[in-house]
Amino acid sequence: TDTEPAAPVRETAESIATMEIRGAATIASAAAEALAEQAEAAAASGETASDPAAFRASLRAAGRTLRETRPTAVSLPNALRYVLQRMEGETVDELRRSVVGASDAFVRQLDRAQEDLGRVGANRLADGDTVMTHCHSTDALACIEAAVEQGKSISAVVKETRPRQQGHITAEQLRDAGVPVTLIVDSAARRYLDEVDHVVVGADSIAADGGVINKIGTSGLAVNARERGVPIMTAAQTIKLHPETLTGHTVEIEMRDESEVIDPETRDEIGEIDVRNPAFDVTPPRYMDAIVTEQGQFPPESIVTLMRELFGEGAAEPWAE
Ligand code: RUB
């Protein structure tokens, strides 16, 4: 019953795995778009064009290929779930239209949610504030950009975020938004917290207990921010809520290759050591002041109520064979 996904799906999956496409929201919309491309390809080719069951199987196979790219950002399976649960129809053409329609609707909702969330988060920022950022989060940037659009003057201290230096992307985007940026190495964060009014980060997943899963280093930053008395917020659309954690599952933390940490050319000179490269960590809810979503802001400990509302019936895996 398995079908090889069409080329655009394989390309998107490869780009997610290699982090050419990265960040939880961006991964989610790329995955939804890839399913629409699979639907178009399957409706136009060979056996699937005239066989609704084969068409459905090819969409599920595409879902599995996309699901297997990276494990931590729950926005990816949430995107696949959204689109595949709306796949319906008797004929291949009906099925195709339902998938393409659901994919479009998902991407539109994602954009709208980010805008709404930005306005909510901007309310936490005051004119003249300096914010500190970690990694590159489009949800976190939406809050800062909305504050700037409201006429507030905001400046930023941007952590470079080893090993992949996503902080450079954040620095560039903030600069483009007219925000004065100071770039620092990660280990300088505590020193500069004294000059900062707010820490703003994103999330790859939010657990039912309010734990925030985000780029490695977020939890240390949160502990330091608390110690310095600097408020810290997570900007995360509700597609970052991790449904399986409602029933006690933990979120898998991606371990990436050691070549991101240590240059393979000089690796041999150091000889026999272990290198570990976890991409994410968990910030306990007590170190996070607020989770900002498109549905308002929540103390982390109360996010479970919103999760039950949104995923009360549990999370099916519509991509399963
Ligand atoms: C990105 C990261 C971001 C979240 C949120 O990690 O940790 O903070 O994904 O981003 P990576 P967004 O670079 O390893 O993908 O708000 O854009 O969804």
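Owing to the predicted nature of the structure, the values given are computational and were not obtained by experimental measurement.

1. Details of the sheet that holds strand β8 (residues 280-283)
Then, in step 1: Reading across the sheet, the three strands line up as β5-β6-β8 and stay open at both edges, with antiparallel pairing between neighbours. Edge strands, defined here as strands with exactly one partner in the open sheet, are β5 (205-206) and β8.
Then, in step 2: Together, β6 (212-215) and β8 form the strand contacts of helix α9 (residues 218-228), whose direction differs from that of β8 by roughly 35°.

2. Points about the confidence of the model for the protein chain
Then, in step 1: Counting all residues, the mean pLDDT for the protein chain is 96, and 99% of those residues have values of 70 or more.
Then, in step 2: Mean pLDDT in the protein chain bottoms out at helix α10 (residues 264-270), which sits at 90, and peaks at strand β2 (residues 155-159), which reaches 99.

3. A short note on unusual backbone geometry
Then, in step 1: A cis amide bond links R162 to the next residue, P163, at an omega of 0°.
Then, in step 2: Residue position: P163 is located in the loop between β2 and α7 (167-176).
Then, in step 3: Positive phi values are uncommon outside glycine, yet C135 reaches one of about 60°.
Then, in step 4: Along the polypeptide, C135 turns up in the loop between β1 (130-133) and α6 (138-149).
Then, in step 5: Taking relative accessible area as the criterion, C135 reaches 7% and is therefore assigned buried.
Then, in step 6: Look at Q165: it is not a glycine, yet its phi comes out positive at around 55°.
Then, in step 7: With respect to the element layout, Q165 can be found in the loop between β2 and α7.

4. Here's the deal with the pattern of salt bridges
Close approach of charged atoms allows side chains of opposite charge to pair.
Then, in step 1: Going through the model one piece at a time under the given rule, you end up with 19 salt bridges.
Then, in step 2: A salt bridge links R70 to E254; its shortest N-O distance comes to 2.8 Å. Taken together, the residues span a long stretch of sequence, with R70 in the loop between α3 (52-67) and α4 (75-85) and E254 in the loop between β7 (232-235) and α10 at a distance of 184 residues.
Then, in step 3: Across the pair R164 and E260 runs a salt bridge whose closest N-O atoms are separated by 2.5 Å. Linking R164 in the loop between β2 and α7 with E260 in the loop between β7 and α10, this pair joins segments that are 96 residues apart in sequence.
Then, in step 4: When its relative accessible area of 34% is taken as the criterion, R164 is described as partly exposed.
Then, in step 5: Using a relative accessible area of 16% as the deciding quantity, one classes E260 as buried.

5. Overview of the sheet that holds β7
Strand pairing in a sheet relies on backbone hydrogen bonds, with the paired strands running either antiparallel or parallel.
Then, in step 1: With mixed pairing, the seven strands of this open sheet are ordered in space as β3-β2-β1-β4-β7-β9-β10. Where the open sheet ends on each side, the last strands, each with one partner, are β3 (181-184) and β10 (296-298). When strand polarity is set aside, the average angle formed by the axes of neighbouring strands in this sheet is 25°.
Then, in step 2: Pairing of strand β4 (residues 198-201) with β7, which is carried by three bridges, proceeds in the parallel orientation. For V200, the partnering residue across the bridge sits in β7 and is M233.
Then, in step 3: This element, α7, spans β1, β2 and β3 of the sheet and lies at about 165° to β2.

Calculation notes
Residues numbered from 1 in each chain as written. Predicted model: local features only at pLDDT ≥ 70, side-chain atom pairs only at ≥ 80, totals over all residues. Heavy atoms only, no water. Pairing = 2+ DSSP bridges. Helix = DSSP H or I, 4+ residues; strand = E, 2+ residues; numbered from the N terminus. Contact = heavy atoms within 4.5 Å. Axes fitted to C-alpha atoms, helices over the stretch in contact; angles between N-to-C directions. pLDDT = per-residue confidence, 0-100. Buried < 20%, exposed > 50% of the residue type's maximum accessible area, 1.4 Å probe, protein only. Salt bridge = Lys/Arg side-chain N within 4 Å of Asp/Glu carboxyl O.

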